[in-house]
Every structure is written in C-alpha cells, then in structure tokens.
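Observations on chain architecture
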Amino acid sequence: MIKHFQTTFALILLLAINCVAQNGVTTEVDEYMQAEMKTQHIPGVSLAVIKSGQIILAKGYGFANVEHQVPVKPETIFQSGSMGKQFTATAVMMLMEDGKLAVDDKISKYFLNTPETWQNITIRHLLTHTSGMTDYPRDFDFRRDYTEDELYERAKAIPLAFQPGEKWSYSNLGYVMLGILIHKVSGKFYGDFLQERIFKPLDMSTARVISEADIIPNRAAGYRLDRDNQLKNQNWVSPSLNTTADGALYMNVYDMAKWDAALYTEKLLKRSSLEQMWTPVKLNDGKTYPYGFGWAIGEVKGHRFVQHGGAWQGFKAQITRYLDDKFTVVLFANQTRANQSKLAQGVAALFNSEYSQ
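Residues numbered from 1 in each chain as written. Predicted model: local features only at pLDDT ≥ 70, side-chain atom pairs only at ≥ 80, totals over all residues. Heavy atoms only, no water.

A separate point is the sheet that holds strand 2 (residues 54-65). Think of a sheet as strands paired side by side through backbone hydrogen bonds, with each pair either parallel or antiparallel. Sheet architecture is open: 7 strands sit in the order 3-2-1-14-13-12-11, paired in antiparallel fashion. Looking at the sheet topology across the chains shown, the edges are occupied by strand 3 (70-71) and strand 11 (296-300). As defined by bridge partners, strand 12 (residues 303-312) adjoins strand 13 (residues 315-322) across 8 bridges and the pair is classed as antiparallel. Bridge pairing in strand 13 links His 308 to Ile 319. (Pairing = 2+ DSSP bridges. Helix = DSSP H or I, 4+ residues; strand = E, 2+ residues; numbered from the N terminus.)

Pasting the structure below:
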C-alpha cells in the first residue's frame, strides 16, 4: 500500500512539474508572439505546436478580421499559400502508388503538343522545381479567369530559364502544371481529388480549395501593408486563379495537426514514398539541392526538419516538422509581409533551444 502510494504520488508530482513547465513555455510563447506581431504589424496569428501527432498548444492571437474586431482562435480558417504544394505532391505520389504514373515519366506523355524545349521535362522536375519553368511572368493578369487549357497554353509560351535538371528555381507554374496533370490522370479536378483522398479520410473538415463566393464560417481576412505601413485589405485575384495547385487552400491549425499526425503513418502513402518526398533533389551535375517533393529540407544542430511556407492574398503560412523529434510547429498569419518562418522557428526554439539558428 505504501509503495503504491509512493508511486502514485511520484506520478502526480511529475505531471504537476510538467504542467508548470508547459505553462511557463506557453507564457513565453505568448510574449514572443505578441512582441513579434507588434514589430511586424501582423493583425492575427493562429498557432499549433504538435508533439508525436498530438497538439500540445493551440492558440489564436490578434484579429482574424480587423474591421469587425473578430479575434483569431484555433478554429479560424486561413489560406495555405504555397504550403499547399505538399498536398499536390502527395496527390501525385498517390497516383504513382495507384500505378497511374511514374515520377520519372516525361510530361509529354500526358500533355499534347508540348514544346520541343519541354521534351526532357519529367514529373520529378516539376515536383522539385528543377524543370526550368519560371514563376508567373510580370505581365501575368491575376484578375483574369483562366481555364486549365488556357493556363497550359500560357505556360507553353514562356521560354525555359534553364535546361531541365540543371539547377533549382522556384516555379509556381510547375505546380500549376501538376494540378492539370492530376486532373488528366485521375479524371478529377485536383481539389476534388484532395478532398476525396486526403481531406475526408483524415477528417480535415475545413480543408478545401479557396472560394471567396462561398460562406465559410470562421474565415479570416487577409491584409497587406502599403508603403506607409498602413494596413490594407488583400488584393483581389480572379476566382479561377484561387483554385490552382500551386497553393490555393483553406484550412485551420486543427486540420494541419491531423495532416501532421497522418505523416507518421501509412494512411496516405507508403513510408518509402514519404521518404522520397523528403529526399534532396539531385541535379544533372550530381550535386543536390535541399528540396524534395513539395517540402524544403534542412538540419539544425543535428535535428533534421522538413518545412514549407506559403504566401498568397494577404496570408502567410508555415509548417516545420522536426522529423526525429516528432515535433511540429504550424502557423498562419494574415499579413502578407509577415515573416512566418521566423515566427515558427522562434516558437520552436522556446521548446528546444537547439532549434534556434
């Protein structure tokens, strides 16, 4: 009886110590976030800290809507920006596992009338930003609605910046092409494919392609700063350009926590496929670049991580996963100049000082 009492007391004491420690870190996170939001002029931030697939901190700061003074909460829905590229890459890998494509297939196998300069571009090149395709050109009209065929023709007209596999250069157009590819191979619009194969199976209930026309409960407003650092509403983008596969999703931190948890399992993809996504791309000269399939790859003081940011329509997003530690920070902000990478890294360092760079 005494031994049992001592064991129980020890467990209670340990839980109490952990609780006090957690509360201490939470206070530090609050202070850090509030200071950074003031410095960076960020109206609102939603944050989740996740350990082994379980949320240990989920919190909102500031305002989701400044005009109506609506506070941010963990349920608040933000835009993903390019953080959504990891979902596009996952969809491609699902089709690979389904036997519908191979990542080293040339895209000319799936697209008609590809330019001569595209003959050596593979799906792998699109996934890793090594195709030679550029980002959106300066004269691209973001206020015009495009069909997938029109986007394809627009991309074809832009000369490659370099030979496929020669170097790494971030290309939103490459991921737009992947979305069209998913549609061609699966017979489904890429957003519907994500809904059917990823979001619904994981119960990511708020995750979906952007629609500014639909009524979306808990949707945040996006903001930008003008030259005088005055807060302004986000710039308008045409509806069709808010549905492309380079990063046009809604979701909240709870949904991203479900996504993070699934990546420790084989619910969506085999472990070998996930590892392939987190492997640095090899260039033509044999050198590697720290980017896989929709994920940037790095290491800090022996801690491996994969991460990706996003920026679109007055929003910023970030997920950073410390793979070996099973520790993740997910963050959304609603101001286009917010340094989301710095915010996430700063939060992570409060939990483990070795994460500071």
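Still to come is the rest of the account.
The next thing to look at is the packing of helix 4 (residues 148-156) against helix 5 (residues 172-186). Taken N-terminus to C-terminus, the directions of helix 4 and helix 5 make an angle of 135°; their axes are 10 Å apart at the nearest point. Relative to helix 5, the element helix 4 is oriented oblique. Crossing handedness for the pair helix 4 and helix 5: left-handed. Contact with helix 4, carried on its side by Glu 148, Leu 151, Tyr 152 and Ala 155, involves Val 176, Met 177, Gly 179, Ile 180 and His 183 of helix 5 and no other residues of that element. (Axes fitted to C-alpha atoms, helices over the stretch in contact; angles between N-to-C directions. Parallel < 35°, antiparallel > 145°, perpendicular 65-115°, else oblique. Left-handed = near helix turned anticlockwise from the far one by under 90°. Contact = heavy atoms within 4.5 Å.)

As a further point, take helix 9 (residues 340-351). Every α-helix carries 3.6 residues per turn, so stepping three or four residues along brings you back to the same face. Its 12 residues give helix 9 an end-to-end C-alpha distance of 17 Å, which sits within 8% of 16 Å, the value for a rise of 1.5 Å per residue. Those residues of helix 9 that sit buried are Gln 340, Leu 343, Ala 344, Gly 346, Val 347, Ala 348 and Ala 349. (Expected span 1.5 Å × (residues − 1). Buried < 20%, exposed > 50% of the residue type's maximum accessible area, 1.4 Å probe, protein only.)

Turning next to the nonpolar core. Counting residues in hydrophobic clusters, the biggest one holds 84 residues, and the most contacted among them are Phe 87, Ile 198 and Trp 259. At 9 residues, the largest contribution of residues to this core is made by helix 5. Those residues in contact with Phe 87 that lie beyond four places of it in its chain are Leu 194, Ile 198, Phe 199, Met 204, Leu 249, Met 251, Met 256 and Trp 259. Counting residues in each nonpolar core, the second largest holds 24 residues, with Leu 47, Leu 57, Leu 343 and Tyr 355 among its members. (Core = buried A, V, L, I, M, F, W, Y, C linked by side-chain atoms within 4.5 Å.)

What follows covers the pairing of strand 14 (residues 327-333). Judged by how many residues are buried, strand 14 sits mostly within the fold: 7 of 7 residues are covered. Burial along strand 14 is two-sided: Phe 327, Val 329, Leu 331 and Ala 333 facing one way and Thr 328, Val 330 and Phe 332 facing the other are all buried. Sheet topology places strand 1 (residues 44-51) next to strand 14; 7 bridges connect them, and they run antiparallel. In the strand pairing of strand 14, Ser 46 is matched with Phe 332.

Attention now goes to helix 4. Of all the positions in helix 4, only Leu 151, Tyr 152, Ala 155 and Lys 156 are classed as buried. Seen end-on, helix 4 carries its buried residues on one side only, within an arc spanning 140°. Those residues of helix 4 hidden inside the fold are in contact with helix 5. (Arc of directions from axis to C-beta.)

Attention shifts here to the sheet that holds strand 8 (residues 249-251). Taken together, 3 strands build an open sheet; the order of strands is 4-8-5 and the sheet is antiparallel. The sheet is open, and its two borders are formed by strand 4 (78-79) and strand 5 (208-209), each paired with just one other strand. Bridge count for strand 4 against strand 8 is 2 bridges, and the pairing is antiparallel. Note that in strand 8 the partner of Phe 78 across the bridge is Met 251.

Our focus in this paragraph is the pattern of salt bridges. Here the structure, examined in full by the defined rule, presents 13 salt bridges. The residue Glu 196 makes a salt bridge to Lys 188 at a minimum N-O spacing of 2.6 Å. A relative accessible area of 42% means that Glu 196 is categorised as partly exposed. Here Asp 324 makes a salt bridge to Arg 304, at a shortest N to O gap of 2.9 Å. Here Asp 324 is found in the loop between strand 13 and strand 14, whereas its partner Arg 304 is found in strand 12, with 20 residues between them in sequence. (Salt bridge = Lys/Arg side-chain N within 4 Å of Asp/Glu carboxyl O.)

Right, let's talk about the environment of Trp 236 for a bit. Along the polypeptide, Trp 236 turns up in the loop between strand 7 (231-233) and strand 8. For Trp 236, a relative accessible area of 43% gives the class partly exposed. Considered as a pair, Trp 236 and Lys 270 are 34 residues apart in the sequence and their alpha carbons are 39 Å apart. With residues near it in sequence (within four places) discarded, Trp 236 still touches Arg 143, Glu 212 and Gln 313.

Enumeration according to the criterion identifies 21 aromatic pairs in this entry. For the pair Tyr 136 and Phe 140, a centre-to-centre distance of 4.8 Å together with 45° between the ring planes defines the contact as tilted. Three or more aromatic residues joined by ring pairs form one cluster here, namely Tyr 136, Phe 140, Phe 142, Tyr 146 and Trp 312. Positioned over the ring face of Tyr 175 is Lys 85, at 5.6 Å from the centre of the ring. For Arg 321, the ring lying beneath its charged end belongs to Tyr 264, and the centroid distance is 4.7 Å. (Phe/Tyr/Trp six-rings, centres within 6.5 Å; stacked < 30°, edge-to-face > 60°. Lys NZ or Arg CZ within 6 Å of the ring centre and 35° of its normal.)

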